[in-house]
Amino acid sequence: MACDLYSVSERSERSIIQFFMTSEELLQKVRKIEIKTHGLSRNIFAGEYHSQFKGRGMAFSEVREYQPGDDVRSIDWNVTARMNRPYIKVYEEERELTVMLLVDVSGSRNFGTVSQMKRDTMAEVAATLAFSTIENNDKVGVIFFSDRIEKFIPPKKGKSHVLHIIRELLSFEPEHAGTDVNAALEFLTNAQKRRCTAFLISDLMDPKLVESRKSKDRYAQSLVDPIIIASRKHDLSAIQIYDRRDAELPDVGLLKVKDPETGARVWTDTSEASVRNAYAAAWRNRQNALEEIYTKTGMNHVEIRTDEDYVKKLMMLFHN
């Protein structure tokens with residue numbers, strides 16, 4: 001078994017099939033997640049991202065004559081030349097914040113071995129952030145991505161808009177199974193001209209992120225360039241959702257595993273310590289690659305396991 005093979009049990013595969021819901025079941029699930037996440041956002045998270053993320057950009061307001069003590073970097077040279085005396089550009093804090101949720105809908109989200117699948121945790125985290133946004137009368141939008149952009153919901157305000165987002169979080173099925181974080185970040189950079197607060201919600205099972213640390217050549221650098229550009233333009237935070245079995249294999253003997261993004265299947269003997277050690281080493285290598293990216297870009301980040309309390313982890317993110 002290749003050390004970085006992502007495994008999913010046959011039991012989890014049956015769960016994927018069962019996930020497709022009737023309209024009535026979907027409405028019940030939407031209502032359940034609304035009650036849970038709306039309460040959290042109102043009582044715990046409302047206002048947190050305003051105080052902890054730079055988010056609110058500066059919008060141009062007017063020009064005025066230069067006064068002693070003004071920052072010379074704000075001088076408007078075109079107006080200064082026309083008026084023959086120095087003028088500066090005046091900016092004011094934008095009164096409205098836009099939050100963008102970049103949600104991974106690749107095949108690897110359909111995996112879970114403890115309480116729920118990764119897609120369920122992703123949906124709850126995204127819904128909590130969405131409700132926090134409208135509690136502050138701001139706009140929220142969503143980018144669903146696999147190895148390409150699957151769906152874009154432009155930012156808007158209002159509870160009906162958030163409920164629409166939750167329905168999509170629970171029921172959307174992508175056309176492709178791979179993962180390309182760069183594609184999502186490039187789309188964000190092109191779609192959002194003004195600075196926004198963006199949350200990348202993913203298990204980050206993108207092989208290119210690991211490749212980026214294998215060498216220091218131009219190709220390796222190009223794999224992280226979109227992350228660097230997006231994190232400079234926006235307040236970008238990564239929320240990695242993972243299952244405990246992403247990090248380690250159990251000793252359960254012969255096991256048939258499947259890569260949910262490529263469809264490759266293989267039998268592996270988990271009773272072999274060398275197999276389990278190689279699998280764990282591949283996970284550590286992936287996490288080390290991500291840590292290097294976080295350090296290089298200055299991104300806030302948090303890791304949330306599917307059987308952990310994501311409330312505490314989100315609070316850690318807000319207070320980094």
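As a reminder, the structure under discussion sits directly above these lines.
Residues numbered from 1 in each chain as written. Predicted model: local features only at pLDDT ≥ 70, side-chain atom pairs only at ≥ 80, totals over all residues. Heavy atoms only, no water.

A. Fine view of the pairing of strand E3 (residues 98–104). Most of E3 is tucked away: seven of the seven residues are buried. Taken together, E3, helix H5 (residues 118–135) and strand E4 (residues 139–145) form a β-α-β motif whose crossover is right-handed. By the bridge criterion, five bridges tie E3 to strand E6 (residues 197–202) in an arrangement that is parallel. Following the sheet pairing, valine 99 is matched in E6 by threonine 197. (Buried < 20%, exposed > 50% of the residue type's maximum accessible area, 1.4 Å probe, protein only. Helix = DSSP H or I, 4+ residues; strand = E, 2+ residues; numbered from the N terminus. Right-handed = clockwise from strand over helix to strand, strands pointing away. Pairing = 2+ DSSP bridges.)

B. Geometry of the side chain of serine 108. With respect to the element layout, serine 108 can be found in the loop between E3 and H5. In terms of polar contacts, serine 108 uses its side chain to reach the side chain of glutamate 261, at 2.8 Å. (Polar contact = N/O pair within 3.5 Å; in protein donor to acceptor, adjacent residues only side chain to side chain.)

C. Examining the packing of aromatic side chains more closely. Per the stated rule, a full pass over the model turns up three aromatic pairs. With 5.3 Å between their ring centres and 35° between their planes, tyrosine 242 and tryptophan 283 make a pair best called tilted. Of this pair, tyrosine 242 sits in strand E7 (residues 235–242) while tryptophan 283 sits in helix H11 (residues 273–297), placing them 41 residues apart in sequence. Overall, the relative accessible area of 10% leaves tryptophan 283 in the buried class. (Phe/Tyr/Trp six-rings, centres within 6.5 Å; stacked < 30°, edge-to-face > 60°.)

D. Quick look at the nonpolar core. By size, the foremost hydrophobic cluster in this structure holds 39 residues, and its most contacted members are Leu101, Val125, Ile166, Phe199, Ile201 and Ile239. With nine residues, H5 is the largest single contributor of residues to this core. Sequence-distant contacts of isoleucine 166, defined by excluding residues within four places in its chain, comprise Val30, Ile33, Ala127 and Phe131. Grouped together as the second largest cluster of nonpolar side chains are 23 residues, Met100, Leu185, Ala198 and Ile228 included. (Core = buried A, V, L, I, M, F, W, Y, C linked by side-chain atoms within 4.5 Å. Contact = heavy atoms within 4.5 Å.)

E. Molecular detail of the side chain of serine 106. Its place among the elements puts serine 106 in the loop between E3 and H5. Of note is the side chain of serine 106, whose polar atom sits 2.7 Å from the side chain of aspartate 104. One polar contact links serine 106 to glutamate 261, side chain to side chain, over a distance of 3.0 Å. Each residue touching serine 106, except ones within four places of it in the same chain, is listed here: Phe145, Ser146, Ala177, Gly178, Thr179 and Glu261.

F. Fine view of helix H7 (residues 181–191). Within the sequence span of H7, burial applies to Val181, Asn182, Ala183, Ala184, Leu185, Leu188 and Thr189. The N-terminus of H7 is capped by aspartate 180, whose side-chain oxygen sits 3.1 Å from the backbone nitrogen of asparagine 182.

G. Region of interest: the packing of H5 against helix H6 (residues 159–171). Following both chains from N to C, one finds H5 and H6 inclined at 170°, their axes separated by 10 Å at the closest point. Taken together, H5 and H6 sit at an angle that is classed as roughly antiparallel. In this structure, H5 contributes Arg119, Ala123, Ala126, Ala127, Ala130, Phe131 and Ile134 to the contact, and H6 contributes Lys159, Val162, Leu163, Ile166, Leu169 and Leu170. Of the residues in the contact of H5 with H6, the class split is eleven nonpolar, no polar and two charged. (Axes fitted to C-alpha atoms, helices over the stretch in contact; angles between N-to-C directions. Parallel < 35°, antiparallel > 145°, perpendicular 65-115°, else oblique. Nonpolar A, V, L, I, M, F, W, Y, C, P; charged D, E, K, R; others polar.)

H. Up close: the sheet that holds E4. Spatial strand order, E5-E4-E3-E6-E7-E10: six strands in an open sheet with mixed pairing. Each of the sheet's edge strands pairs with one partner strand only, and the pair in question is strand E5 (149–156) and strand E10 (300–305). Direction aside, the axes of adjacent strands within the sheet are offset by 15° on average. Contacts between H6 and the sheet are confined to E3, E4 and E5, with E5 contributing the most and set at about 165° to the helix.

I. Examining unusual backbone geometry more closely. Positive phi outside glycine occurs at asparagine 137, with the angle close to 60°. One can find asparagine 137 in the loop between H5 and E4. A positive phi is found at leucine 204, a non-glycine position, where the angle reads about 60°. Looking at where leucine 204 falls in the secondary structure, it is placed in the loop between E6 and helix H8 (207–211). A residue is classified by how much of its surface remains accessible, and leucine 204, at 3% relative accessible area, is buried.

Any functional reading would require information that these geometric values do not contain.
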